[in-house]
Amino acid sequence: AQKVTQAQTEISVVEKEDVTLDCVYETRDTTYYLFWYKQPPSGELVFLIRRNSFDEQNEISGRYSWNFQKSTSSFNFTITASQVVDSAVYFCALSRSNDYKLSFGAGTTVTVRA
Amino acid sequence: KAGVTQTPRYLIKTRGQQVTLSCSPISGHRSVSWYQQTPGQGLQFLFEYFSETQRNKGNFPGRFSGRQFSNSRSEMNVSTLELGDSALYLCASSPGQIGNTEAFFGQGTRLTVV
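Residues numbered from 1 in each chain as written. Chains lettered and ligands numbered in written order. Predicted model: local features only at pLDDT ≥ 70, side-chain atom pairs only at ≥ 80, totals over all residues. Heavy atoms only, no water.

Focus: the overall build of chain A
Secondary structure summary: chain A contains zero helices and twelve strands in total. Ordered by position in the sequence, the α and β elements of chain A form the string β-β-β-β-β-β-β-β-β-β-β-β. Whereas a compact globule of 114 residues would reach a radius of gyration of roughly 13 Å, chain A reaches 14 Å, a difference of no more than 12%. Out of the 114 residues belonging to chain A, those deemed buried represent 46%. Within chain A, counting contacts between residues at least 6 apart in sequence, those at least 24 apart form 55% of the total. Of the charged side chains in chain A, 11 are positive and 13 negative, and the gap between their average positions amounts to 4 Å. (Helix = DSSP H or I, 4+ residues; strand = E, 2+ residues; numbered from the N terminus. Rg over C-alpha atoms; globule rule 2.2 N^0.38 Å. Buried < 20%, exposed > 50% of the residue type's maximum accessible area, 1.4 Å probe, protein only. Contact = heavy atoms within 4.5 Å. Lys, Arg positive; Asp, Glu negative; His and termini not counted. Charge placed at Lys NZ, Arg CZ, Asp CG, Glu CD.)

Spelled out as structure tokens, the structure:
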């Protein structure tokens, strides 16, 4: 069975602070894919990043960065210099090869105060 | 390029009734999947269709069904509604297998069962 754990339920920060969201996953597969999605109040899930299990390179995209470590089964996400517009629920998800679905973590609500 | 369109956006139904939700994927996308989001259970996978074939189904009772048409549009149906079916139902489309590509989500249909 596969499982995604986001231990942080809520995080509240002041604008310009950095925020790191933790994601720990469990799977017995050697080929799998990891994702981060953002859900603003409007409801739709916005894709942020996809990583396959063979690519452990960390990635930076603007103020966003991701740290993928297979040794600890973690795929953490950092928002640098947070802004009010970053306020949303963030989901980490896992997909197995040939499974055709995403298994989501419980989500972390991020509130950025001005 | 138009995004994933879900209709209706909001729905109120009475226990025992049935409901049909619609999803129009991004043009060219052949995979459509459905997820139920509730405060208690989080995001749970319902089913996935590709070229009119259901490839995977989540752990939901038979009251939940779906289908996909030749133009890739999809509908899901819930019969004999229960109070616990109140949720945000999200549709996602992708050009191929989720994992190999990212999934794009619609804004969802918020179903309230009274």
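Following the structure, the description resumes.
A look at the interface of chain B and chain A
Interfaces are often described in size by the accessible area the parts lose on coming together. Each partner contributes to the interface: chain B provides 20 residues, whereas chain A provides 20 residues. Summed over both sides, the interface between chain B and chain A buries roughly 1,800 Å², with carbon and sulfur atoms accounting for 56% of that surface. Inspection of the region where chain B meets chain A yields zero salt bridges. Counting the contacts that link chain B with chain A gives four residue pairs in polar contact (both at pLDDT 80 or more). Counting residues per element, the side of chain B that touches chain A draws most heavily on strand β5 (residues 42–50) of chain B, which supplies three residues. Taken together, the residues of the side of chain B that touches chain A break down into eight nonpolar, eight polar and four charged. (Buried area = accessible area lost by both parts, 1.4 Å probe. Salt bridge = Lys/Arg side-chain N within 4 Å of Asp/Glu carboxyl O. Polar contact = N/O pair within 3.5 Å; in protein donor to acceptor, adjacent residues only side chain to side chain. Nonpolar A, V, L, I, M, F, W, Y, C, P; charged D, E, K, R; others polar.)

Some thoughts on the state of the cysteines
Residues and elements named next belong to chain A. The tally for this structure, following the rule as stated, stands at two disulfides over all chains. The disulfide partner of Cys23 is Cys92, and the S-S distance across this bridge is 1.9 Å. Negative torsions about the S-S bond denote left-handed disulfides, and the value of about -65 degrees found for Cys23 with Cys92 makes this one left-handed. Residue Cys23 is found in the loop between β3 (19–21) and β4 (24–26), and its partner Cys92 is found in strand β10 (residues 88–96); the two are separated by 69 residues along the sequence. Assessed through its relative accessible area of 0%, Cys23 is described here as buried. With relative accessibility at 0%, the residue Cys92 sits in the buried group. (Disulfide = S-S within 2.5 Å.)

Some details on the sheet that holds strand β8 (residues 74–78) of chain B
Residues and elements named next belong to chain B. Strand order in the open sheet made by the four strands is β1-β3-β8-β7, with antiparallel pairing throughout. Of all strands in the sheet, those with a lone pairing partner are β1 (5–7) and β7 (64–68), marking the two edges. Pairwise comparison of adjacent strand axes, ignoring direction, gives a mean angle of 15 degrees for this sheet. Pairing between β7 and β8: five bridges, direction antiparallel. Residue Arg67 lies in a different strand from β8, and its bridge partner there is Glu75. (Pairing = 2+ DSSP bridges. Axes fitted to C-alpha atoms, helices over the stretch in contact; angles between N-to-C directions.)

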